Amino acid sequence: MADIKKPFTRRQMLKTMMGLPLAAGGVMSAPVAFGKPATSAINTTGLAVTDDTVKVGILHSLTGTMAISETGSVEAETLAIEQINAMGGILGRKIEIIVEDGASDWPTFAQRARKLLRQDKVASIMGCWTSASRKAVLPVLERENGLLYYPTFYEGLEQSPNVIYTGQEATQQILASLDWLAKEKGAKTFYLIGSDYIWPRTSMKIARIHIEQKLGGTVVGEDYAPLGHTSFGSNINRIRLRRPDAIFGAVVGGSNVAFFRQLNSAGLNGGNTTLLSLATTEDEVLGIGGENVEGFYSSMKYFQSLDNENNIAFVKAFKERWGSDSVIGDVTQAAYLGPWLWKDAVERAGSFDVAKVTAASPGIELTTAPEGYVKVHENHHLWSKTRIGKWRRDGQVDVVFESDLIEPNPFPEGYQ
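Predicted, not measured: the structure shown is a model, and the values here were computed from it.

A. Structural detail: the sheet that holds strand 7 (residues 189-195). Spatially, 8-7-9-10-11-15-16 is the arrangement adopted by the seven strands of the open sheet, whose pairing is mixed. Of all the strands in the sheet, just strand 8 (218-225) and strand 16 (397-402) have a single pairing partner and so form its edges. When the angles between neighbouring strand axes are averaged without regard to direction, this sheet yields 25°. The pairing of strand 11 (residues 297-300) with strand 15 (residues 387-391) spans four bridges and is classified as antiparallel. Paired with Ser 299 across the strands is Ile 388, a residue of strand 15. Of the strands in this sheet, strand 7, strand 8 and strand 9 (246-250) are in contact with helix 8 (residues 233-242), which crosses strand 7 at around 170°.

B. Up close: the sheet that holds strand 13 (residues 374-376). If you walk across this open sheet you meet the three strands as 12-13-14, and the pairing is antiparallel. Each edge of the sheet is formed by a strand with only one pairing partner; in this case those strands are strand 12 (365-366) and strand 14 (382-383).

C. The nonpolar core, seen in detail. Counting residues in hydrophobic clusters, the biggest one holds 76 residues, and the most contacted among them are Ile 174, Leu 181, Trp 199 and Phe 248. Leu 181 has contacts with Gly 186, Ala 187, Phe 190, Ala 246, Phe 248, Thr 274 and Leu 276, leaving out every residue within four places of it along the chain. If you look at the next biggest cluster of nonpolar residues, it comprises 48 residues, including Ile 58, Leu 91, Val 315 and Ile 328.

D. A look at helix 3 (residues 67-86). Here helix 3 spans 28 Å end to end across 20 residues, near enough to the 28 Å set by a 1.5 Å rise per residue. Count one or two residues on from helix 3 and you reach Gly 88, which has phi positive near 110°.

E. Inspection of the pairing of strand 7 at higher detail. Where burial is concerned, most of strand 7 is hidden: six out of the seven residues are buried. Pairing of strand 7 with strand 8 involves seven bridges; the strand directions are parallel. The residue bridging Thr 189 from the neighbouring strand is Thr 218, located in strand 8. A crossover connection joins strand 7 to the parallel strand 8 through helix 7 (residues 198-214); in handedness this β-α-β unit is right-handed.

F. Local environment of the environment of Glu 309. Note on placement: Glu 309 falls in helix 11 (residues 309-322). Through-space distance from the C-alpha of Glu 309 to that of Glu 371 is 10.0 Å; in sequence the pair is 62 residues apart.

G. Examining the confidence of the model for the chain more closely. Within the chain, residue pLDDT values average 91, and 92% of them lie at 70 or more. Note that residues 1-34 has pLDDT below 50 and, in this model, 78 contacts with residues that lie over four places away or in other chains.

H. Layout of unusual backbone geometry. Notably, Leu 91 is not glycine yet its phi reads approximately 50°, a positive angle. Inspection of the secondary structure assignment puts Leu 91 in the loop between helix 3 and strand 3 (94-101). Classification of Leu 91 by relative accessible area gives buried; the value is 16%. Unusually for a residue other than glycine, His 380 sits at a positive phi of about 75°. Structurally, His 380 is set in the loop between strand 13 and strand 14.

The rules behind the values
- Numbering of residues starts from 1 in each chain and follows the order in which that chain's sequence is written.
- Given that the model is predicted, a residue must reach a pLDDT of at least 70 before its local features are reported, and side-chain atom pairs must reach 80 or more before they are shown or counted; all residues, however, enter totals for whole chains, interfaces and linings.
- Where side-chain values are given, they derive from all heavy atoms of the structure, hydrogens and water being excluded.
- By the convention used here, strands pair only if DSSP detects at least 2 bridges between them.
- Put simply, DSSP H or I for four residues or longer makes a helix, DSSP E for two residues or longer makes a strand, and each gets a number counted from the N terminus.
- Where helices are involved, their axes are fitted lines through C-alpha atoms of the stretch in contact, as for all axes, and angles between N-to-C directions lie from 0 to 180°.
- Residue contacts are counted whenever heavy atoms from the two residues lie within 4.5 Å of one another.
- To form a nonpolar core, buried Ala, Val, Leu, Ile, Met, Phe, Trp, Tyr and Cys residues must be joined to one another through side-chain atoms within 4.5 Å.
- Between buried and exposed lies partly exposed: a residue is buried under 20% and exposed over 50% of the maximum accessible area for its type, with that area taken using a 1.4 Å probe on protein chains only.
- Expected span of a helix, by definition, is 1.5 Å for each gap between consecutive residues, and there is one gap fewer than residues.
- The handedness rule is simple: strands pointing away from the viewer, and a clockwise path from the first strand over the helix to the second, make the crossover right-handed.
- Per residue, pLDDT measures the predictor's confidence, with a range of 0 to 100.

Printed below as a string of structure tokens:
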């Protein structure tokens, strides 16, 4: 096993983390206090909890088209767990990590989740990125009574007792973004484009309702491309023909690289085109190249450039752990929240039992979140802000809009 105390490049991390039962202990650990609770009292459902350790799963795509987006989540979750272990762990137990590769394949996600819960008996799972992977894992979680911390912005229209959603749902991201485009950019006509699976399609359905019924605008085109798609010429030709006031995008993963580069090759750039993406973060821009996104926009709750004490400390720790060339996107930050929210819920519950942990979760606040502040709602989503960033050539953003704290509403009336 590689020495995980040394910063890895992302390529090294992918090779090292795949399928590896990884003991999280990359920093010096504080001594465990005497008088910790008995295992029999805090683990009544047969989870992998001993007098000294507790196992958790990390389940993301380390290979395939989604690896460009999900690698950062693995890094953030690992960092958080190492930091928790350095503080003595949870209820006197150090956290051990078992990493599984979903391989950008939804049945594989379900199989790996089943293995983590049945064979490894992990106390929680940090994982998934796409809604397709989450939907594949959800029935496994509910059947096996597992607990997932899901970090990605998503379409909403879901609430499960077995999931804590640490990313934004649609009303927090999509609606605020469209309102901003209409108000600040005067957009009346919109072209919707996304990858072809549940999150982009459902998100664009919500977007169309809002554009047509709330903003009085018009959708002049709507396109979807398969995951991993790399030829956007015909889509871009239709965009040029229809001349929308704004392109509203939900292209995900590695397809972002081809999409943005081909836009620029076709003469559509941030200087002459308004484009706002729901799925382009610093992680994707690392592959796209800042020169190909400069002047375009993304809507997220978090950007690496946020100037607050929490984020400055987080960015410093992340780069020290994973290398100075590492970048941090929205989902990466939301993934970092998962282990901390789980820690607080376990300690509040005084137990690792899933039912007790989920019952203890609503109302938990993190004032130390890099994004600033979050609070767990009764619907298992987080109160959070929406921010719109304008991309710079260096791959970072200038934040041009920040909302107030938005209450999560995964089942908005009139959008279902």
